[in-house]
Amino acid sequence: MSDELLYQSIKENKQEGFKQLVTHYKSTVEQIAFQYGLDKENIVRVVQETFIRLHKGIDRVERHDLPGSLYRASMDSLKDYRRIQTAISKNNSYKMYGYYFEKLEYMVIQHALTKLDDKYKIPMILHYYHQMTFEQISFIIKVNSDIVKKRIAQGMELLHANIEKMDAKENGVDFQHVKLSDMLAEMVYSYERLPAFTQIQELLHQVEMVGQKQKWRKSIPILVGIVGLILFSFLSVNYIQGERQRQVLKKEEEASASVDSEMDDLDNEEDNQGLDPELKAYLEEAKERLAAELRIEDIDTFPTVTMVEGLLSDLNSNSSYYHDDTKEYIEMLLQSPSSLKANLDPNAIDSEDYLLQYFYLVSNYEYSFQEYLNRLLLDYDISIDDYESIMSLQEEASSYEGPEKIIEFIDVLGEQGYILTRASENAALTVKFSIENLIQYMEQIGYSEAYIAYMKYISNMEDLDWDRWESFALYALEAEELLSTYGDSFSALFRDSIISNIETHLYNYLRIGDMTTVTDVEIEEYHQFLANHSDSILAQIVQTTMKNWEENDWKRAQDDIRINDMRLLFDKRYQHINYEDTLSLGSWPFTLTTSTIYERYSEELSQDMLLEENPMEIVSLYAYASARRDTDTMSSLITSEELLDSEEESLEWFELRNSGAYALTEYQTEDSAVVFIVNWEGDPYFTINLDKDNGVWKITQIHK
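Cut-offs and rules
- Residues numbered from 1 in each chain as written.
- Predicted model: local features only at pLDDT ≥ 70, side-chain atom pairs only at ≥ 80, totals over all residues.
- Heavy atoms only, no water.
- Helix = DSSP H or I, 4+ residues; strand = E, 2+ residues; numbered from the N terminus.
- Contact = heavy atoms within 4.5 Å.
- Areas by Shrake-Rupley, 256 points an atom, 1.4 Å probe, with all protein chains shown as cover.
- Buried < 20%, exposed > 50% of the residue type's maximum accessible area, 1.4 Å probe, protein only.
- Expected span 1.5 Å × (residues − 1).
- Arc of directions from axis to C-beta.
- Salt bridge = Lys/Arg side-chain N within 4 Å of Asp/Glu carboxyl O.
- Patch = residues over 30% accessible without salt bridge, like charges linked within 9 Å, V, L, I, M, F, W, Y side chains within 5 Å.
- Lys, Arg positive; Asp, Glu negative; His and termini not counted.
- Charge placed at Lys NZ, Arg CZ, Asp CG, Glu CD.
- Axes fitted to C-alpha atoms, helices over the stretch in contact; angles between N-to-C directions.
- Parallel < 35°, antiparallel > 145°, perpendicular 65-115°, else oblique.
- Nonpolar A, V, L, I, M, F, W, Y, C, P; charged D, E, K, R; others polar.
- Phe/Tyr/Trp six-rings, centres within 6.5 Å; stacked < 30°, edge-to-face > 60°.
- Lys NZ or Arg CZ within 6 Å of the ring centre and 35° of its normal.
- Polar contact = N/O pair within 3.5 Å; in protein donor to acceptor, adjacent residues only side chain to side chain.
- Pairing = 2+ DSSP bridges.

(A) Highlighting the overall build of the protein. The helix and strand tally for the protein stands at 31 helices and seven strands. Within the protein, counting contacts between residues at least 6 apart in sequence, those at least 24 apart form 67% of the total. Taken as a whole, the protein presents about 33600 Å² of accessible surface, with 46% of it coming from carbon and sulfur.

Here you go:
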């Protein structure tokens, strides 16, 4: 799609038009970040930040400047990663690029380029890899075109020097008899065939969430599976409080923290002096309402208020915020928990979204109430011996005769839906949001059984022992049972959040983050899990993960669980598909073995070479041959010449790698299978039917 059509599409329908923009330019931004020298993890971050930056200012982009705006957003995002890139380049050799390039020369050039200073590297990337003129580069990096030309020439000399310093000559690489600029131009083809580093749907979700919340990233979760993050936030607060219970807070430390807080308040007050007068008045009104409901006189020091004022100071430094959105979020974040609770309505159109928002906000208040209670205990020099008496204030009859402010605050906690707990008689007082009370209220006002069950699941998580890794299996199984029993009753957002929770539990159960060798005790635990839960979808994931470990000498890897693949297994349309038969189509060719098989098979076209290959490998081989317009190889993999792709259809195969597509293989019988090519949400792009012919899988139909 041309830039003119993209611009027009954005003006007609901003959401759909921006989606088309992301689809069109995502791979370009990925290439820039890769060429700059970042690794996969940081490429993902740069791509996200680039499109988030672009989305915030998309209304101000002029018709002729759409690509320029995107490139500038990319450059702005890369600035924050300069140190990271330098470390990556310093700590690795050119061999790190062996996965991406077939030619050793390309690996050497890529690595040598990453070692250049940005003032040379950026213009060279834009000129040689993105075919920009000196004038176009000048417009993007805001440097005179003559300077751009000079820096590119100097950069070429420095690139030569970097190559000379490397040990590539020992591997037979000769740069003496080739023109380096020609080789840079040749590399464009390889860059265009880099694997996809980001998923389009996940990227769009990130942009959408930030777009809705504008400058409120500190207060509103923006990750896929928002409830998973809410749950993590809730559990983290409890975990942190548990840690506090293991420590005796020294008065000197608390006094110091109080001074720091006062300094922060002064800073916020100064920052807010330049805030829009109307917004400032609106903020003061919201603070007054909150102070009245919580019966807190010094509301300016209440943690929730200081957090909001900090957000406003950040927002005040950027002129692109939306006035009405800011008022909306002041209203939302400075409502008391009881006021938020009063708005819960199972019959409302946005009931699920509001329930998530409510739970996130009350979790934040839990922290604020805890901090405020700690401050009161310090101010009144309350001894730990008085804690049980303070706890008794939650009962109708209490003999506590301490400070009135503490008595009143415990009363406020009850009104707002919170309780005080203690882990032991020597432990600190801990403020805890009462999920049990929330569940009772939800039952009273008519929430469905599914959402009640979900809240009970969260309640059970309060007893989670983070040190007992094997216990996470039970919580993962409980979440799977939720989906099995109530899957159709949950909104898509809730289903995704539960799957995200399952992923978190499995990561902890399989101890993937430890990056250690799997012990005999762990292997025995996992085998026991497989024996006890053989019908579980989770058993497929555990089994496949263990198989990968075994092939890697029982060493763990960071990406052992493929969350989006797992997500599709809970889609009833694909309930007969196994975890090991899912594949993300984010690389080209689709499988790691396709190019090797193709080189060998395309020369002889011997069917015996394909006897051990599965249906997905045949599809990948066909797509690879189609993109190369190798009709002989294509014909040998299908049962009818009518199935041969046109040139346009051949291009579709290659474009799949940038579409966030997945391949799901379902074996209908021993001799027949279907490969579903689906998007991130599981909706099919097309399906491929295959049958075995003399032991070799062949494509019989392609439905697009």
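(B) Spotlight on the environment of Gly586. Locating Gly586 in the fold gives a position in the loop between β3 (582-584) and α28 (594-604). What makes Gly586 buried here is its relative accessible area of 11%. It is 7.8 Å that separates the C-alpha atoms of Gly586 and Leu656, two residues lying 70 residues apart in sequence. The residues touching Gly586, leaving out its near neighbours within four places in the chain, are Pro195, Ala196 and Arg657.

(C) Representation of the side chain of Gln335 in the model. Its place among the elements puts Gln335 in the loop between α16 (323-333) and α17 (337-342). Not counting chain neighbours up to four residues away, the residues in contact with Gln335 comprise Leu290, Leu340, Asn343 and Tyr365.

(D) Quick look at helix α14 (residues 277-294). For α14, with 18 residues, the first-to-last C-alpha span of 26 Å sits near the 26 Å given by 1.5 Å per residue. By the burial criterion, the buried members of α14 are Leu279, Leu283, Ala286, Lys287, Leu290, Ala291 and Leu294. Across the axial projection of α14, the buried residues extend over an arc of 140°, all falling on one side. In this structure, α14 carries Pro277, Glu288 and Ala292 as exposed residues pointing more than 90 degrees from its buried face. One or two positions beyond α14, positive phi appears at Arg295, with a value near 55°.

(E) Broad picture of the pattern of salt bridges. Summed over all chains, the structure comprises 21 salt bridges. A salt bridge links Asp118 to Lys121, with the shortest nitrogen-to-oxygen separation between them at 3.8 Å. With Asp118 and Lys121 both in helix α7 (residues 118-129) and three residues apart, this pair spans about one turn of that helix. Assessed through its relative accessible area of 14%, Asp118 is described here as buried. Of the charged contacts, one joins Glu278 and Lys327 as a salt bridge, the two residues approaching to 3.3 Å between their closest N and O atoms. Taken together, the residues span a long stretch of sequence, with Glu278 in helix α14 and Lys327 in helix α16 at a distance of 49 residues.

(F) Main features of a negative patch on the surface. Together, Glu102, Glu599, Glu603 and Glu604 make up a region of like negative charge exposed at the surface. Looking at where Glu599 falls in the secondary structure, it is placed in helix α28.

(G) Focus on the packing of helix α22 (residues 449-460) against helix α23 (residues 472-486). For the pair α22 and α23, the least separation of the axes is 11 Å and the interaxial angle reads 180°. Classified by the angle their axes make, α22 and α23 are roughly antiparallel. Between α22 and α23, the residues in contact are Glu449, Ala450, Ala453, Tyr454, Tyr457 and Asn460 and Tyr475, Glu478, Ala479, Leu482 and Tyr486, respectively. The class makeup of the residues in the contact of α22 with α23 is eight nonpolar, one polar and two charged.

(H) View of the packing of aromatic side chains. Under the criterion given, the structure shown has 42 aromatic pairs. Geometrically, the ring pair formed by Tyr99 and Tyr100 is edge-to-face, given 5.1 Å between the ring centres and 85° between the ring planes. Note on Tyr454 and Tyr457: the rings are 6.0 Å apart at their centroids and 55° apart in plane angle, and the pair reads as tilted. Separated by three residues within a single helix, Tyr454 and Tyr457 lie in helix α22, roughly one turn from each other. On the basis of relative accessible area, Tyr454 is assigned to the buried category, the value being 1%. Given a relative accessible area of 1%, Tyr457 falls into the buried group. By way of ring pairs, the aromatic residues Phe34, Tyr97, Tyr99, Tyr100, Phe101, Tyr106, Tyr129, Tyr191 and Phe197 are connected into one cluster. Here the basic side chain of Lys341 rests over the ring of Tyr441, its NZ or CZ set 4.5 Å away from the ring centre.

(I) Fine view of helix α29 (residues 615-627). Taking 1.5 Å of rise per residue, 13 residues should cover 18 Å, and α29 covers 19 Å from first to last C-alpha, within 8% of that figure. Of all 13 residues in α29, twelve are buried; the element is thus mostly enclosed. Among all positions in α29, only Pro615, Met616, Glu617, Ile618, Val619, Ser620, Leu621, Tyr622, Ala623, Tyr624, Ala625 and Ser626 are buried. For α29, the N-terminal capping position is held by Asn614, with its side-chain oxygen 3.1 Å away from the main-chain nitrogen of Met616.

(J) Broad picture of the packing of α7 against helix α9 (residues 145-165). Two elements in contact, α7 and α9, have axes separated by 8 Å at closest approach and are oriented at 100°. For the element pair α7 / α9, the angle class is roughly perpendicular. Mapping the contact onto sequence places Lys119, Tyr120, Pro123, Met124, His127 and Tyr128 in α7 and Val148, Arg151, Ile152, Gln154, Gly155, Met156, Leu158 and Leu159 in α9. Residues of the contact of α7 with α9, tallied by class, amount to nine nonpolar, three polar and two charged.

(K) Layout of unusual backbone geometry. In this structure, the amide linkage connecting Trp588 to the following residue, Pro589, adopts the cis form with an omega of -5°. Among the secondary structure elements, Pro589 is positioned in the loop between β3 and α28. Even without being glycine, Arg295 reaches a positive phi, approximately 55°. Along the chain, Arg295 turns up in the loop between α14 and α15 (303-316).

(L) Geometry of the pairing of strand β5 (residues 672-678). The buried fraction of β5 is high, at seven of seven residues. As paired strands, strand β4 (residues 662-669) and β5 are joined by seven bridges and run antiparallel to one another. The partner of Leu664 across the bridge, within β5, is Phe676. The turn joining β4 and β5, which pair antiparallel and follow one another in sequence, is formed by two residues. Bridge count between β5 and strand β6 (residues 684-693): seven bridges; the pairing is antiparallel. Bridging across to β6, Ile677 finds its partner in Phe686. The hairpin formed by β5 and β6 contains five residues between the paired strands, and Gly682 there has a positive phi angle of roughly 90°.

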